[in-house]
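# What the coordinates show
Each chain is listed here by its residues.
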Amino acid sequence: MGSRARDFAAPLYLLACLVLGGSAQGIWANMILQLAGLGLIAWAAIVPADSERRRGYALLFGIALFALAVGAAQLIPLPPAVWSQLGPRQVIADGYRVLGVALPWQPLSVAPYDSLSSLLSLIPPLGMLAAVLRLGCRPPLLAIALLVGTFAGILLGALQVSSPDPQASPWYLYAETNFGLATGFFANANHMADLLVVTLPFLAALLANAHGTGASVQRYSALVALVAAATLVIAVGIALNGSLAAYGLAVPVLLASAAIALSGRSALGRWLAPLAAILFIGAVGWLATTPLSSSASLRSNAQESVQSRTEILTTSLQATQAFMPFGSGIGTFPRVYGLFEDHDRLDPNTYVNHAHNDYVEIALETGVPGLIVLVLFVIWWVRVAWRAWAGADAEPFARAAAIASAAILLHSLVDFPLRTAAIGACFAVSLGLLLWRRPSPGPDKSHLWPTRHVVID
C-alpha cells in the first residue's frame, strides 16, 4: 500500500497543480498547493534513498538550496548605514527623512512581504521535484496525469471561446485574463500554450516506451491510434488558444517529439532533433518581435509604447543596472519597474507586472547571487539534457523531459511561464525525469522457488 501511494503521489499532485495553479490570482488555490507541497517535501525527507540515486540528484538539490538561500538572505534586516547606500534605496531613506522618522533596519528586499510570497510560491515545484526524485515515480503515470490536465484545460477552453459574451462568461476562472481566447485553467493564454506544447513530447515518449518494452502488435497499433487522436485534440487546443507562442513553439517541439518516436528505427530521427533545435531558436527570435496585446499582464489593449517588448526590456535593464550587485528582492519587479518608466508617457489603464524575460527579471530581483545560481543551473541542465539525447539507449521519457524543459526555458526569454505553479510543476517533473533511469532488474532468484511435484498415477 505504501509503495502504491508513493507511485501516485507525484501524478496526483501534478494534476492538482494543473487545475489549481494557473495564476497567482488564485490565492486560496495556491495556498492549498503550497500546503500540499510542504507535505510532499516532508514525506520525501523521511523516505530512505539509495546512495546511487542520491548522487544523481544531489547537485540539483544543492542548486535549489543555494537559490533558496539567496532569497532568504534578502529578508535579513540590515542597519541603515548599509541598506541606504545600496542602489536606489536612497530614495526610500529620503522618504523616512521627510516624514521625520528615524531610519529603521531594513532587508535587501524593497518589498519584504512580496519576497516572502515569492519564496512560498516555490513550494509547489520543489514539492513536485521531491516527489518525483525521492518518492519514486512511474513516468507513464506522470504522462497520463499531464494528458488529463491538458485535455481538461482544452475542454474548459472550448467552453470559454464558445461564450457569446466572453467578459460575462462564467468559464473564465480569473478576473484578469485573456477574454476571448482559450486560457483553460490559466489566466494567460501564453501559459496555456506552454502546457499544450510540453504535452506533445510525452505523447511520443509513451509511444516509444511501448515499442521499447516489447508491446504486442495489437497493443502498439491501438496506442498509435490513441496518440494520433490525442495529438489532434492538442492541435485543436492550440487553434482555440490562439497564442502566438503556441504556434511558434509547436513546430520545433513536434519535430523533436517525432525524433523520440522514431529513435532507433529510422535514420530520419537523427536529423530531426538538430533541426528542431534550430527552429527553437528561430521561434524565440520571432516571438521576441511580436506585440504583447495577448498578454494578461497588461490590462489594456491600447497600442502604447509601454507595451513594446523592447521598451519593457530596456527599462528593466536600467533598473537591473541600478540595483546591482544584490538586486531589489525577489517578487519586487512591479514595484521597482514603475520607478524607471517614462512618467510622461504612462497610461493609467496599463500595468506591467513582469519583464517578459524571466532571466532579466531574475537579474533585477536577485543581482549577482541570482545570476550565479542561474549559470550553475543552466550548466547542470545542458549536461543532463545532452546525456538524455547522446546515448543511443537513452530513456524516451528523459528525452521528452529535455524537450519540454527546453521549450519552457526558451519561452522564458520572452515571457514568464515559470511564475505559475502549473508550469512550474511541469518544469519540475521534466527536471526529475531528466534524471530518471529505468530500475535494473534484480538478480534471478528462480532457483530458490519451491518445486511443484506432480504425481501421476
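Please read all numbers here as calculations on a predicted model, not as lab measurements.

Cut-offs and rules
- Residues numbered from 1 in each chain as written.
- Predicted model: local features only at pLDDT ≥ 70, side-chain atom pairs only at ≥ 80, totals over all residues.
- Heavy atoms only, no water.
- Salt bridge = Lys/Arg side-chain N within 4 Å of Asp/Glu carboxyl O.
- Helix = DSSP H or I, 4+ residues; strand = E, 2+ residues; numbered from the N terminus.
- Buried < 20%, exposed > 50% of the residue type's maximum accessible area, 1.4 Å probe, protein only.
- Phe/Tyr/Trp six-rings, centres within 6.5 Å; stacked < 30°, edge-to-face > 60°.
- Core = buried A, V, L, I, M, F, W, Y, C linked by side-chain atoms within 4.5 Å.
- Contact = heavy atoms within 4.5 Å.
- pLDDT = per-residue confidence, 0-100.
- Polar contact = N/O pair within 3.5 Å; in protein donor to acceptor, adjacent residues only side chain to side chain.
- Axes fitted to C-alpha atoms, helices over the stretch in contact; angles between N-to-C directions.
- Parallel < 35°, antiparallel > 145°, perpendicular 65-115°, else oblique.
- Left-handed = near helix turned anticlockwise from the far one by under 90°.
- Nonpolar A, V, L, I, M, F, W, Y, C, P; charged D, E, K, R; others polar.

## Focus on the pattern of salt bridges
Two side chains with opposite charge may pair up if their charged atoms get near one another. By the definition in use, this model includes 6 salt bridges. A salt bridge links Asp-358 to Arg-419, with the shortest nitrogen-to-oxygen separation between them at 2.9 Å. Placement of Asp-358 in helix α15 (residues 358-390) and of Arg-419 in the loop between α16 (396-411) and α17 (421-434) is noted, with a sequence separation of 61 residues between them. A residue is classified by how much of its surface remains accessible, and Arg-419, at 29% relative accessible area, is partly exposed.

## Details of the packing of aromatic side chains
Considering all chains together, one arrives at 7 aromatic pairs under this definition. Here Trp-83 and Tyr-96 contribute two aromatic rings whose centre-to-centre distance is 6.5 Å and whose plane-to-plane angle is 70°, an arrangement assigned as edge-to-face. With Trp-83 in helix α4 (residues 80-83) and Tyr-96 in helix α5 (residues 90-98), this pair connects stretches of sequence that are 13 residues apart. Of the residues examined, Trp-83 reaches a relative accessible area of 1% and is grouped as buried. For Tyr-96, a relative accessible area of 22% gives the class partly exposed. Connected via pairs of aromatic rings, a cluster forms that spans Phe-377, Trp-380 and Phe-427.

## Section: the nonpolar core
The tendency in soluble globular proteins is for nonpolar side chains to be buried side by side. Judged by nonpolar contacts, the single largest core of 95 residues is most densely connected at Leu-14, Met-128, Leu-142, Phe-377, Trp-380, Trp-381 and Leu-431. For this core, the element with the most residues is helix α9 (residues 189-212), which contributes 15 residues. Excluding residues within four positions of it along the chain, Leu-142 makes contact with Ala-10, Pro-11, Leu-14, Met-128, Val-132, Cys-137, Val-429 and Leu-433.

## A closer look at the confidence of the model for the protein chain
Confidence along the protein chain averages 85 in pLDDT terms, with 85% of residues attaining 70 or more. Ignoring residues within four places in sequence, the model shows residues 294-306, a span with pLDDT below 50, making 42 contacts including any to other chains. Residue range residues 449-457 is modelled with pLDDT below 50. Its contacts to residues more than four positions away, or to other chains, number 0 contacts.

## A short note on the side chain of Asp-7
With respect to the helices, strands and loops of the structure, Asp-7 is situated in helix α1 (residues 2-20). In terms of polar contacts, Asp-7 uses its side chain to reach the side chain of Arg-138, at 3.3 Å. Excluding residues within four positions of it along the chain, Asp-7 makes contact with Arg-138 and Leu-141.

## Considerations on the packing of helix α8 (residues 139-161) against helix α10 (residues 217-241)
Contact pair α8 / α10: the axes reach a minimum separation of 10 Å and the direction vectors enclose 40°. Classified by the angle their axes make, α8 and α10 are oblique. Relative to α10, α8 is oriented so that their crossing is left-handed. Listed contacts from α10 to Phe-151, Ile-154, Ala-158 and Val-161 of α8 are Ala-230, Val-233, Ile-234, Gly-237 and Leu-240.

## Considering the environment of Ala-10
Structurally, Ala-10 is set in helix α1. By relative accessible area, Ala-10 is classed as buried at 0%. Sequence separation between Ala-10 and Cys-137 is 127 residues; the distance between their C-alpha atoms is 6.9 Å. Other than its neighbours up to four places away in sequence, Ala-10 contacts Met-128, Ala-131, Val-132 and Leu-142.

## Section: the packing of α15 against α17
Across the interface, α15 lies against α17 with an axial gap of 10 Å and an inter-helix angle of 55°. Regarding the angle of α15 to α17, the classification is oblique. Of the two elements, α15 crosses α17, and the hand of that crossing is left-handed. Contact with α15, carried on its side by Phe-377, Trp-380, Trp-381, Val-384, Ala-385 and Ala-388, involves Phe-427, Leu-431 and Leu-434 of α17 and no other residues of that element. Residue classes in the contact of α15 with α17 are distributed as 9 nonpolar, no polar and no charged.

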